[in-house]
Amino acid sequence: MSNELIYTLNGELLNASTWKGQELFDCVVNAIQETTNCRMCSLWSINYNTGNRTISRSASLIVRKLEKGQIYPGKNREDFVNDLKDACLIKDVLQKTEKTRQPYHCFDIQECENHKSKESIDKLGLKYFIGIPIPNQENKIIAVLKLFFVDKPAIQPLELFATTIRDVISSCFFRYVLYNRQQVMEDLMKNYQEKGTERNLENIFNPILGNILYNYCKYEGASIFIWDSYMNYYNLLSTTGIERTDDRQTVFYLAGEGLTGKAAGERKRPMMYDNLYEEENNPDYMHKFREITNNPSKTMMVIPIFRPSVKDEVIGIIRFVNKQNNANREVVDYFNDSDAEIMSYASNYLALTIDYFLGEKERNNFISKISHEFRTPANTIRITADRLLKNEEDESFIERYFNSYMEAILYSAELQIQQATTSLYMSKTRTNIPRSEKYILSKTSLKDILYKSRTTVIPIAREMRVKFNNIIIDIPAWHLFIDEFAFTTVFYNLLTNTIKYRNNDFDFHVNISGYETSSNFIINVSDYGLGIAPEDSSKIFLLGFRGKNVAKKDTGFGIGLSVVKQIINDFGGEIKVASFKSPTRFEIKLPKYLSDDNYSKTEIWNSK
Amino acid sequence: MEQQVKKILWIDDNVNRYSLMPYIDELNEKGFTIVKAENPDESDDILSKQKDFLCIIVDISMPLGEKIPFGEAKGGMQTGLVILKKLVEDKALDNVKKIVFTIVDNAEVREYCNSQTPKIRYLEKYRYFTDAFVDEIKTIINDGL
């Protein structure tokens, strides 16, 4: 029996015209049905990345074959899939084989405790069941092969049969992953060769969504959104078709908003949803924008696209709606880990393309932002000086306005210098040049830098009518080899934020304190300001991002904290939000090796 | 006879800051009274009590306040547009001129302003010295477009 099976399997696999997964798995199932008395054979992948889903629902059908001539007597196609998912007995197999990895036998299916579709099984006359767990290279069960029999299984010895089948299928899964990875990359490269010369990102991505990715995961609708650092949202780049339920002219997804934004925001990993209408998914207004599909939108998979050049920065999102069952494409199926794996793999290529093309757009966005930022203080200086000059001979005017106007000019000039410095470091930190060329190191008292930073925010404190003396600096006398101007920029931006986003319900008060650990200098900047929403904690350092709560109180372009993080990271440090509210506390960790300048001789400091 | 107060509502988060101070001083000297709102909540509050303004000046990039949704105002980048639409819909303000006065070039807002009848003037801050600005405001109030 086992020899016959092996020969048949080999024959089937050799005959496979491609190494596409579906065909490989079809071959295996064909071989089993040809060499055994199995009435129905199906292979299911197990999905571990599905949140609250039950195990049985988290399985996805790869292939299922009835003995020739048999037709499943289901009500309709969707019931067919769902019935089988519920009746799949996978839970039994996983529970019973968890330790042994040996096949699970059941000689009376109706007695299986997790069996939920007795009626369907009755109609097919199935009585015997064998479940074979399929592990991957790490010995994690990634699939279950289910064999149903009307008569007693004529397979001897069963253990050898199960081991052979298990190894073949496990190997097929491995081949399947490799084949798909190679093939999707070839397809994407071919598309780029055809469309790349058009220099239009949308033209490159339309065929990717319309055809290429569809070959690796059947879906009814898909869209790609890319980060717009100027407007602070993910904007639609390409779609297979999207419908709007209101009169909005644009589709936009804010970072962390809705189910789509979550994958890019707090989660930063592929997200899969079984049912968009379930209450827990809480579809908000963003879901007014849905892909056009034949079936109502039900299942969804969202893949974050990570920027290759900046760690953890999500520059785009791909969203797939309504997976199609491989056998019957009109049936809505569940997305699974395998879909997420191949699409995440493909997203690496998409990331390179987006990063390359976005470079120019981001530079323009950055210039626009900086221009707007610069215009305000420049215009203030201009109109204030103009009014002073036009009225210089009017003594009462001078007496009345001179001091306040000179203060306005001074403040605006200081603001402009700080903005220019911030943008300079913004530009430097995002340029691929060695750190040794970005920064000028000198032995500097961190306390002096903090006092200097506090002085630079005096004008803004005066304008906003807060007492800058309430910025208390209490750190040890640390002397570090750092760039004085860069770190003044860091603390200028942090202190400006404490002033801009102060909470008027409390007295303005900022505390800057520090202590040492064995390997780090720790600096805490805390205030009783508006606070930071916990869900924004991972995004506030993203270029262009602005938190919801601060947007209620003041405007800004989301540049400052991005620069702060980049500078601190360049010096081997870290910054995080250690406390979100009452007080809000930023914790800056700087490595002890900044105490001397040896690090400036290292390769990491001097190489790109 | 009691002289009528020439009131202007100015909705701008910088309305109490240095950057608008010279404009407001100039308007005050020319006999205008400026009612200041730093955010949409303050302007709502003011407009619920008084509507007898000669004109309402609105900035575009502004804080959201408590009522305007983050997404609708694009995180504050277009708060002024949301306010402007509400002002346009308010029939009691039909005869009050609306003016956009902003540092930001925003094509969407400009398009909205141009689509209104009569058109809403979109003025860029950096194009106006204080005296020219006051002249422009007077022209808009007196003649419309």
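Structural notes, computed from the coordinates. (Residues numbered from 1 in each chain as written. Chains lettered and ligands numbered in written order. Predicted model: local features only at pLDDT ≥ 70, side-chain atom pairs only at ≥ 80, totals over all residues.)

Focus: the nonpolar core
With 83 residues, the main nonpolar core has Ile 8, Ile 57 and Val 100 of chain B as its most contacted residues. Take this core: its biggest share by element is 8 residues, from helix H14 (residues 484-500) of chain A. Ile 8 of chain B has contacts with Leu 27, Phe 32, Ile 34, Val 35, Phe 53, Leu 54, Cys 55 and Ile 57 of chain B, leaving out every residue within four places of it along the chain. Core analysis: the next-biggest nonpolar cluster, separate from the first, contains 46 residues, Ile 204, Ile 224, Met 271 and Phe 320 of chain A among them. (Core = buried A, V, L, I, M, F, W, Y, C linked by C-beta atoms within 7 Å. Buried ≥ 20, exposed ≤ 12 C-beta atoms within 10 Å, placed from the backbone. Helix = DSSP H or I, 4+ residues; strand = E, 2+ residues; numbered from the N terminus. Contact = placed C-beta atoms within 7 Å.)

Let's talk about the pairing of strand S7 (residues 233-239) of chain A
All names here are of chain A. Judged by how many residues are buried, S7 sits mostly within the fold: 5 of 7 residues are covered. Pairing of strand S6 (residues 219-228) with S7, which is carried by 6 bridges, proceeds in the antiparallel orientation. Paired with Asp 228 across the two strands is Tyr 233, which belongs to S7. (Pairing = 2+ DSSP bridges.)

A word on the packing of helix H10 (residues 395-429) of chain A against H14 of chain A
All names here are of chain A. Remark: H10 packs on H14, axes separated minimally by 10 Å, with the N-to-C direction vectors making an angle of 115°. Overall, the two elements H10 and H14 adopt an arrangement that is roughly perpendicular. As for how H10 packs across H14, the hand of that crossing is left-handed. Facing Gln 418, Thr 421, Thr 422 and Tyr 425 of H10, the residues of H14 in contact are Phe 485, Ala 486, Thr 489, Tyr 492 and Asn 493. (Axes fitted to C-alpha atoms, helices over the stretch in contact; angles between N-to-C directions. Parallel < 35°, antiparallel > 145°, perpendicular 65-115°, else oblique. Left-handed = near helix turned anticlockwise from the far one by under 90°.)

Topic: the interface of chain A and chain B
One widely used convention gives an interface's size as the accessible area the parts lose upon coming together. Residue-level contacts link 27 residues of chain A with 27 residues of chain B. When contributions to the side of chain A that touches chain B are tallied by element, the ones reaching two or more residues are helix H9 (337-390), H10 and helix H15 (548-551) of chain A. Residues that form the side of chain A that touches chain B fall into these classes: 9 nonpolar, 8 polar and 10 charged. (Nonpolar A, V, L, I, M, F, W, Y, C, P; charged D, E, K, R; others polar.)

Observations concerning the pairing of strand S5 (residues 121-124) of chain B
Residue and element names in this part refer to chain B. Note that strand S4 (residues 97-102) and S5 share 4 bridges and pair parallel. Paired with Phe 101 across the bridge in S5 is Leu 123. For the crossover from S4 across helix H4 (residues 107-115) to S5, the handedness is right-handed. (Right-handed = clockwise from strand over helix to strand, strands pointing away.)

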